[in-house]
Amino acid sequence: MVKDVAVQAGDSEKRQIAGMLKALEGDPPGLRVLKGYHDTLMAKVKAGKLSLRSVRLAMAPAKALMLEAQKMGLKKPDQKAVDVYLAKVPGQRAALTGFVRYLREAHSVGVAMPKAKEGAAQKVRQRKLEQEMLAMMREGGEGDEFLRRWVSVGLAYFHGLPRKVGIGADVLRTDGEGMAINVEGKSYWLPSISQMGLSE
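Draft legend 1. Spatial organisation of the overall build of the chain. Across its full length, the chain holds 9 helices and 3 strands. Element order for the chain, N to C, with α for helix and β for strand: α-α-α-α-α-α-α-α-β-β-β-α. If you take every contact in the chain between residues at least 6 apart in sequence, the share linking residues at least 24 apart comes to 48%. Accessible surface, the chain: about 12,400 Å² in total, of which carbon and sulfur atoms supply 53%.

Written out as structure tokens, the structure is:
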């Protein structure tokens, strides 16, 4: 029998969504809120307005916010819970918008999306890139593949370019202190790993 890939993917999405609801089983009031949001989203799926994947992506931050509220001893998230959660994961801001609207409209909870902190998501991204660079410096690898990784991470960290840019960039070695990288006719300088050093 030929397996239907679409059906398999749909089953996988349903299992992940069910797992999110299961995470709130020990908190009946919280589960009711999350289940209500789930049912609202599933009604849109039945109407052909939403995919199961979209439901999963919307449910993930909703579940995480409910767990954050639970840790704070709340039956429903309040503004502080929303603020605390977004401070931890600013990249989930857009995905959480629908749930915050649902809390307001269906549960009369006085919450709103806080004004985006300029550069919050960028700071998180920079921190991850910095950690990756430190790991590479400790690793101290060599060869073309390692160099490509360094260029990819370096261009993203120092120049804000997408990670994939480094894969096809022309690497023009300069001196022992660094290298010049040519990207679409523009030259970018990166320090060599040996010159970065590790601060203990």
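Once the structure has been displayed, the description carries forward.
Draft legend 2. View of the nonpolar core. Grouped together as the largest cluster of nonpolar side chains are 27 residues, with contacts concentrated most on Tyr 37, Met 59, Leu 65, Leu 96 and Phe 99. Of all the elements in the fold, those that place two or more residues in this core are α1 (5–22), α2 (28–46), α3 (52–71), α4 (79–88) and α5 (93–107). Considering each element in turn, this core owes the most residues, 8 residues, to α3.

Draft legend 3. Local environment of α5. For α5, with 15 residues, the first-to-last C-alpha span of 20 Å sits near the 21 Å given by 1.5 Å per residue. Burial in α5 covers these residues: Leu 96, Phe 99, Val 100, Tyr 102 and Leu 103. Where α5 is buried, its residues touch α2, α3 and α4. Looking at the residues trailing α5, positive phi occurs at Ser 108, about 55°.

Draft legend 4. Looking closely at the side chain of Glu 68. As for its placement among the helices and strands, Glu 68 is situated in helix α3. Residue Glu 68 is classed as buried on the basis of its relative accessible area of 8%. If we ignore the near neighbours within four places in the chain, the residues touching Glu 68 are Ala 81, Val 84, Tyr 85 and Lys 88.

Draft legend 5. Inspection of a positive patch on the surface at higher detail. A cluster of basic residues, Lys 44, Lys 49, Arg 101 and Arg 104, forms a positive patch on the protein surface. Positionally, Arg 104 belongs in helix α5. According to the relative accessible area criterion, Arg 104 is partly exposed, its value standing at 37%.

Draft legend 6. Highlighting the side chain of Glu 13. Summarising the element assignment, Glu 13 is placed in helix α1. Engagement of the side chain of Glu 13 in a polar contact is seen with the side chain of Arg 56, the distance being 2.3 Å. In this structure, Glu 13 is in contact with Leu 52, Arg 53 and Arg 56, ignoring residues within four places of it in sequence.

Draft legend 7. Just the packing of aromatic side chains, in detail. Applying the stated criterion to the full structure yields 4 aromatic pairs. Taking the centre distance of 4.9 Å and the plane angle of 55° together, the rings of Tyr 37 and Phe 99 count as tilted. With Tyr 37 in helix α2 and Phe 99 in helix α5, this residue pair connects regions lying 62 residues apart in the sequence. Phe 99 shares its class with Tyr 37; the two are buried. Ring centres of Phe 99 and Tyr 102 lie 6.2 Å apart, and the angle between their planes is 15°; on these two criteria the pair is classed as stacked. Of the two residues, Phe 99 and Tyr 102 are both situated in helix α5; the distance of 3 residues between them amounts to about one turn of the helix. A relative accessible area of 0% places Phe 99 in the buried class.

Draft legend 8. Broad picture of the environment of Gly 91. Residue placement: Gly 91 occurs in the loop between α4 and α5. Distance from Gly 91 to Val 124, taken between C-alpha atoms, is 8.6 Å for residues 33 residues apart in sequence.

Draft legend 9. How the structure looks around the pairing of strand β2 (residues 178–183). With 5 of 6 residues buried, β2 lies mostly within the body of the structure. One ladder, built from 6 bridges, connects β2 with strand β3 (residues 186–191); its direction is antiparallel. Within β3, the position partnered with Ile 181 by the bridge is Tyr 188. Hairpin connection between β2 and β3: a loop of 2 residues separates the two successive antiparallel strands, and Glu 184 in this loop has a positive phi of roughly 50°.

About the criteria used
- Residues numbered from 1 in each chain as written.
- Predicted model: local features only at pLDDT ≥ 70, side-chain atom pairs only at ≥ 80, totals over all residues.
- Heavy atoms only, no water.
- Helix = DSSP H or I, 4+ residues; strand = E, 2+ residues; numbered from the N terminus.
- Contact = heavy atoms within 4.5 Å.
- Areas by Shrake-Rupley, 256 points an atom, 1.4 Å probe, with all protein chains shown as cover.
- Core = buried A, V, L, I, M, F, W, Y, C linked by side-chain atoms within 4.5 Å.
- Buried < 20%, exposed > 50% of the residue type's maximum accessible area, 1.4 Å probe, protein only.
- Expected span 1.5 Å × (residues − 1).
- Patch = residues over 30% accessible without salt bridge, like charges linked within 9 Å, V, L, I, M, F, W, Y side chains within 5 Å.
- Salt bridge = Lys/Arg side-chain N within 4 Å of Asp/Glu carboxyl O.
- Lys, Arg positive; Asp, Glu negative; His and termini not counted.
- Charge placed at Lys NZ, Arg CZ, Asp CG, Glu CD.
- Polar contact = N/O pair within 3.5 Å; in protein donor to acceptor, adjacent residues only side chain to side chain.
- Phe/Tyr/Trp six-rings, centres within 6.5 Å; stacked < 30°, edge-to-face > 60°.
- Pairing = 2+ DSSP bridges.

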